[in-house]
Each structure stands twice: as structure tokens, then as C-alpha cells.
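Geometric and topological summary
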Amino acid sequence: MADSEQVKFQVHHIRFFEYQPQTINCIAHDEISHRLAISRSDASVEIISTNDNWSLEMVFPGDRDASVEALLWCKGRLFAGGISGNIVELDLVTQLAKEPVSSNSGPVWCLAKNAQGDQIAAGTEDGCIALFDVSEELQFLRGFGKQEGRILSIAWYNRGEENLIVTGGINNIRQWSVKSGQPISRMTLGRKFHKDTIVWCIRVTRDFTIISGDSRGVVTFWNGKESTQLKTFHCHMADVLSLCLSEDETKVFTGGVDSSVYQFSLYSVDPASERKRWVHRLLHTRHTHDIRALAYVNGCLASGGVDTIVYVAKLEGKQSVLEVTSLSGPDLVHLAKDRNLVQLQYRDYIEVWRLGAANTPFAEERGLLPLTQKRIKLVKLKAREGHEILCSAISNNGTVAFSDTKSVRVFSLNMENESSSMPKVSLEKLSSTFAHPALLMTFTADSSHLLAVLTTSVIQAVNIKTGEIKHSVKNLSNSPIHRLVTSSDNKYFATATLDHGIHIYQWPSCVHVCSCPVQTAQVSALAFSPHSPLLVIAYSNHAIYEFDIEMKEYSSWSREISAKIPKHWLKPMRTISNIAYCPDNPNNIMLHTNSTLCVLDKAKALAKKDKETKPNSYVFYKLSSIVRTCHKYKFLLYADFTSNGMLVVVERPPADIEDNLPPSFKQKKFGVA
């Protein structure tokens, strides 16, 4: 740990979790809810709240037999299309897909909506535009006339009496009449080295300027009314795969295989005339592989692709490029604190490992300790064929539970000669009576019951021995639950909802005790204290509060300190993914983002900055006086304590992720050879 007064822990450093983030296929932004939808190559879809420091809200599981190639927001509803040939609405409450509707024309490659947001047009593999009504439930309306070749990009121009759809395919751009369903204009593109030119992306402005990006690396501006070419830019070294517009349509952004992002800006040629021209510049080259998706988000540009990382370029004020973590979900790792077992969740299976052991170090001993017992993979449990794992948990005594998209499964993990180097492991399947799949789950501290948040937003508690449902608790909020924790004294459990609410219940009666004050930011992590009836809460803006359950108000420490903690004292677009009290010191709170591990000491005073301040001015405080930070780890997935006070840290090194990526586009960057 940093600084002179160091905090020392004995650490289990785990780097064998082979979690691999998936390629980003498409990104869509919703201006109503300020959410970002990101689809990945495993067909999963992540929902990120841009208003809450770009924090992850939920993840829709993928379908291994399909991929999501297009995402579209319509009045706060999210629709997806892919190679399955279906359009499906993703339910933001149950976090599951609704009933799909077929395009009747093969795989869907692109989606566009009309100005009213009540109709969707889909470009398909068969070269046909499929029209859907989304004013109520998703419904297929009709298909347009078929063209030769597939439709890979689509845009809808709906202004006044003109109602046209513009599509990009192979060697051409077409304009279609929505009324007749027939093409009314065709623009032909040139070929390079006698190869077909594929129009990968297309957009239309309000003045009917058509902008296209193609496989030659060319960005072209067209006059839509006259179907003529206005300007051509040969800026990219390879295919232009993605394109987006700013809200005022004075800026265009493109990305492609050459991992470069370009910005095109509209400038006046002469202040005395109305003539304007497009000028381009290189925005950034932070990506290492193909850029497949772009989205303009309130003065920022979000980009993603094969390297699995979302980069956000700030376009206003001091320009910078920031990274949003590519690791999805805070609940991929779970710890059986009493038995030194760690559970790792993958896409369609989970693993349970026994941690290694070392002799107790001397007080001043540092560095690597020689192992007296190596780590062992005890068991691997697979999901049902064709189903993905939604959540998992492991109890303090080693009971394993996980839920796939079909149902919840519970197993008792038994070991003979547990202290030996090769214990004999057996599994006993336990009965489970959950009526629906679970989105979140956790065990009570005594391992007697399993609590789960079902897809119906109901919280159910099931007795592990009998399999009977003991309680069913209705969600107090209309917003989905995204965090669930239990106390170590077996007296309470708490939930956090997406409307920033936190609700505390008594166990085992499941009676609602109280709710915490609602803050302006999203809850990112919460944990009960093992020493007293306290709940510590971390928010997406890096604020930290401590709530006294018995007094039903913030603790005295929180009332004194929380408001003084500087906002965004951690790196921007980094959220606190886990928080916990140190078991041997009630004043120490451990928390971490994906790149920083911190220990907050409640016993220390928050010092003011040395800079003199004027009377009645805002007083600034030095958080370093109460917080010790460690930047040793990269891509931290998990950090928590075992019952004997040892810290378990799970890390996924960026180099290991990069090794599993496909080769990138080769470019000459230095010299001429």
C-alpha cells in the first residue's frame, strides 16, 4: 500500500481466472434514459448508465447460437437484431429477452427507426427491408421489394412529406419509398483493385446529406436530393466499419479496421456566405484493433471493437480519452470465507478452487511467501446445454448455487481429508423450489438459506436442507434490484435498486426495517459491518456513506466525513465494484475499482489542504490523510477478506486478455522499410 503509514495484509493473489471479455459488435445510446447499450460477440448486451459515471447497470445473457449485430432504442425501449433473423425486445425489468419476431428475410444486419419512433426498419441478408411496428408490442408489418445482395447499413429520412429509407450494400446506395416499398434512386460506388465495395455504415442528416463509409477506407458525403457525390475523404487505411453524428449534425465521427477515429467538422467557407465544407482530423488512435461501433453521448464519443474496451473521447473543454472497463459485472467471483474456497463464474460453467496456504509470516516479513499447500481446482459445474449462467454464489460452508436461464441449481460440496494435498471431492444435488431463474443470489451467514432475486423482481428465501421456500418478498421499488447482500451476524439483508434506493430487511422475518436516504448517484457497492449494525455504501460518483441500522440514520462518522469527501477522488469512469470491512479492525474499510485498491481508516481525521481559503469559501480536504491506495493491480475483478483476515485479490492482467485477441491491422508507423 502507498504512503508512509502502510496497511499490511497477507494476500492470496489469484491470476488463474481465465475470464475473457468479448468483442464489441455495436453500441446504441438512448437520449431519454441516458443509457448505453453494448452488444458483444457472445450475444450478451450490457446496459451502462452514462449519468452515473458510466457504471454498469445490468447484463442480458447471450445466446451461443446467435449474435447481436444491431441495437436500437425507441422511446426508452431496446430492440436487437442478429444472425438468427429475428427482432427481439430486451426487457429492462426482467433482464431477459421477450418473444422474438422473425424478419422473414434471413439474418438482420442493421436497424433504423422513423422520426416518431413507432416503426423499425431492418436490413437483412436477403436484400429486403423488413418493417416492424413498435407502438405497442413488436409486430411485423411488411417487407419491401428485394434487391440483389444483402443490406449491411440503413438510415431513415423522415422529414415533412418525405419518408425515405436509405440503405448501403455491395457497390451501391439505394433510396427506398416507405409508401411503395420500392427503390427510387441508386448511387453507385467505384471499385478498388477490382474488388466489390461494401458500404458498412451510413447516416442521413436533416438536410438530406447522406454520409457513407465503405470497404475502401473512404468516407463519402452525398447530396440525397440529387443523388450526387459532394465530397470524398480517403483518410482511413482500411474498411470504415462505424459512423455516427453529433446531435447538431455539424460533426461526423468514423472508425474502422485501422483502429483510428476521425472527426469531420462542418465549417463556413466565408462568413458572408452560406457555403460550408467538411474538414477532417484524426481524433485518436487508442484502440489496438478494429473499431466496430461508435455512439455520440452528450459531448462525448464512445467507441468499441475487437479489443473489448470502450473508450470515451471528451470533445468539449479539455479533450481527453478515457477508458471504461471491459470487465462485466461485479459478481463473477465469490468467496467461502470459512473454508478458503473461491468460486469463479464463466459464461456456461463455474469452478470452485481451494486456495493455497503458506506459513504465518513474521511481523516485518514482506514479498512472496513459499507455499505449504498449492491451490487445487475442486469441481467444475456446467450449465444446461444451450443456457447461460446468470448468477452464482457459494456459502461459508461450501454449498454451491448457480442459476442459468432455465432455473436455479444447488449442490452440497463435500470433501474427505480436506487438509490433504488431494482431497476427495463429492457433490450432492439439493432440491430447489425457485419458480423462476435468478438474477442475483447470496447465502445467509449461517449457510442455512439461499436468498435470490428472481426475474420476476421477487426476493425468495429457500431453506437449503428442505428446499422449501421460506419467504417471498416483493420489491419495494418499481425499479430492478441490482445489489443483494447479507450481514455476517445473520440479522439483516439489504437490496439496492436502479432508482438509487437501498432497502434493509430483518432476517429471518424478512420484514422491512428501513430505507437509506436516496442520493443523486447510483449505488455501486454495499456491505454490512461484521462488528456492529452498520451498512457501508459506495456510489458511482465515489461518495461513501455509512448507515446505522439501529438508529436508522447515517452514522456519526458518516455525518462528519461523507459530505467532505471530494467527488470523483478516484479516476473518472471507474466505479467502486466491491467494499468490505476488515474483519480484525472495525475502523478499516477496504474498497476497490478495477485498477485501484484502497483502505479507508475511520479512526483518522480528514485534514484540510494547506492552501489558504477566503472566508465563506469552499474548504478542500486531503483524502490521503484517511485513505491508503495501491495501484499494483490491473483489471481487478474482486477483493475481499477471509474469516481469518487474509485478503483475496482476483486479477485479470491486460496482457493475458490481449494474447487471446485476433491479429490487428498491420500499419507502417516508423521508417519506410
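Quick note: structure is the one above.
What comes next is a walk through the structure. (Residues numbered from 1 in each chain as written. Predicted model: local features only at pLDDT ≥ 70, side-chain atom pairs only at ≥ 80, totals over all residues. Heavy atoms only, no water.)

1. Observations regarding the environment of Met-187
- When you line up the elements, Met-187 lands in strand β17 (residues 183-188).
- Using a relative accessible area of 2% as the deciding quantity, one classes Met-187 as buried.
- A C-alpha to C-alpha distance of 8.6 Å links Met-187 and Gln-175, two positions 12 residues apart in sequence.
- Here Met-187 is in contact with Asn-171, Asn-172, Ile-173, Gln-175, Ile-210, Trp-222 and Ser-227, once residues within four sequence places are set aside. (Helix = DSSP H or I, 4+ residues; strand = E, 2+ residues; numbered from the N terminus. Buried < 20%, exposed > 50% of the residue type's maximum accessible area, 1.4 Å probe, protein only. Contact = heavy atoms within 4.5 Å.)

2. Quick look at the sheet that holds strand β9 (residues 101-102)
- Pairing within the open sheet is antiparallel, and its four strands lie in the order β6-β7-β8-β9. Looking at strand neighbours, the two that pair on one side only are β6 (68-74) and β9, the edges of this open sheet.
- Where strand β7 (residues 77-82) and strand β8 (residues 86-90) come together, four bridges link them in antiparallel fashion. Bridged to Leu-78 within β8 is Leu-90. (Pairing = 2+ DSSP bridges.)

3. Here we look at the sheet that holds strand β32 (residues 349-354)
- Taken together, four strands build an open sheet; the order of strands is β30-β31-β32-β35 and the sheet is antiparallel. Lying at the two open borders of the sheet, with one neighbouring strand each, are β30 (333-336) and β35 (376-382). Each adjacent strand pair in this sheet contributes to an overall mean axis angle of 20°, direction not counted.
- As paired elements, β32 and β35 share six bridges and run antiparallel to each other. Counted as the bridge partner of Arg-354 is Ile-376 from β35. (Axes fitted to C-alpha atoms, helices over the stretch in contact; angles between N-to-C directions.)

4. Side note on the nonpolar core
- If you look at the biggest cluster of nonpolar residues, it comprises 22 residues, and the most contacted ones within it are Trp-569 and Ile-579.
- Those elements that place two or more of their residues in this core are β48 (523-528), β49 (534-539), α1 (556-561), β52 (578-582), β53 (585-592) and β54 (597-601).
- With three residues, the single largest contributor to this core is β49.
- Counting residues in hydrophobic clusters, the runner-up holds 20 residues, among them Val-485, Leu-526, Tyr-545 and Phe-547. (Core = buried A, V, L, I, M, F, W, Y, C linked by side-chain atoms within 4.5 Å.)

5. Concerning the pairing of strand β19 (residues 209-214)
- Where burial is concerned, most of β19 is hidden: six out of the six residues are buried.
- Both faces of β19 are covered, namely the face carrying Thr-209, Ile-211 and Gly-213 and the face carrying Ile-210, Ser-212 and Asp-214.
- Relative to β19, strand β18 (residues 199-204) runs antiparallel, the two sharing five bridges. Bridging across to β19, Arg-203 finds its partner in Ile-211.
- With five bridges connecting them, β19 and strand β20 (residues 219-223) associate as antiparallel partners. Looking at the pairing, Ile-210 lines up with Trp-222 of β20.

6. So, the pattern of salt bridges
- Considering all chains together, one arrives at 17 salt bridges under this definition.
- The salt bridge partner of Arg-191 is Asp-196, with a shortest N-O separation of 3.2 Å.
- Using a relative accessible area of 54% as the deciding quantity, one classes Arg-191 as exposed.
- According to the relative accessible area criterion, Asp-196 is partly exposed, its value standing at 40%.
- Bridged by salt links that share partners, the residues Arg-77, Glu-89 and Lys-98 form one connected network. (Salt bridge = Lys/Arg side-chain N within 4 Å of Asp/Glu carboxyl O.)

7. Examining the state of the cysteines
- In this structure the tally under the stated criterion is zero disulfides.
- Take Cys-128: it sits in no disulfide, and the sulfur closest to it among the cysteines is that of Cys-110, at 12 Å.
- No disulfide involves Cys-235; its sulfur sits 11 Å from that of Cys-201, the nearest cysteine. (Disulfide = S-S within 2.5 Å.)

8. Quick look at the environment of Leu-427
- One can find Leu-427 in strand β39 (residues 424-430).
- Here the alpha-carbon distance between Leu-427 and Met-415, two residues 12 residues apart in the chain, equals 8.9 Å.
- What Leu-427 contacts, discounting residues up to four positions off in sequence, is Val-379, Leu-381, Phe-411, Ser-412 and Leu-413.

9. Section: the pairing of strand β2 (residues 24-30)
- Within β2, seven of the seven residues are buried, leaving the element largely enclosed by the surrounding structure.
- By the bridge criterion, six bridges tie β2 to strand β3 (residues 35-40) in an arrangement that is antiparallel. Following the sheet pairing, Ile-27 is matched in β3 by Ile-38.

10. Describing the packing of aromatic side chains
- In the structure shown here, the tally under the stated rule is 20 aromatic pairs.
- Arranged with centres 6.3 Å apart and planes meeting at 45°, the rings of Phe-144 and Trp-176 form a pair that is tilted. Taken as a pair, Phe-144 in the loop between β13 (139-143) and β14 (153-159) and Trp-176 in strand β16 (residues 172-177) lie far apart in primary sequence, 32 residues in all.
- According to the relative accessible area criterion, Phe-144 is buried, its value standing at 5%.
- A centroid spacing of 4.9 Å and a plane angle of 10° characterise the contact between Phe-493 and Tyr-505, whose relative ring orientation is stacked. Placement of Phe-493 in strand β45 (residues 492-497) and of Tyr-505 in strand β46 (residues 502-506) is noted, with a sequence separation of 12 residues between them. We note that Phe-493, like Tyr-505, is buried.
- Positioned above the aromatic ring of Phe-233 is the side chain of Lys-231, whose terminal nitrogen or guanidinium carbon lies 5.6 Å from the ring centre.
- Between Lys-602 and the ring centre of Trp-557, over which it is positioned, the NZ or CZ distance is 5.9 Å. (Phe/Tyr/Trp six-rings, centres within 6.5 Å; stacked < 30°, edge-to-face > 60°. Lys NZ or Arg CZ within 6 Å of the ring centre and 35° of its normal.)

Interpretation note: all reported values are geometric properties and have no functional meaning in isolation.
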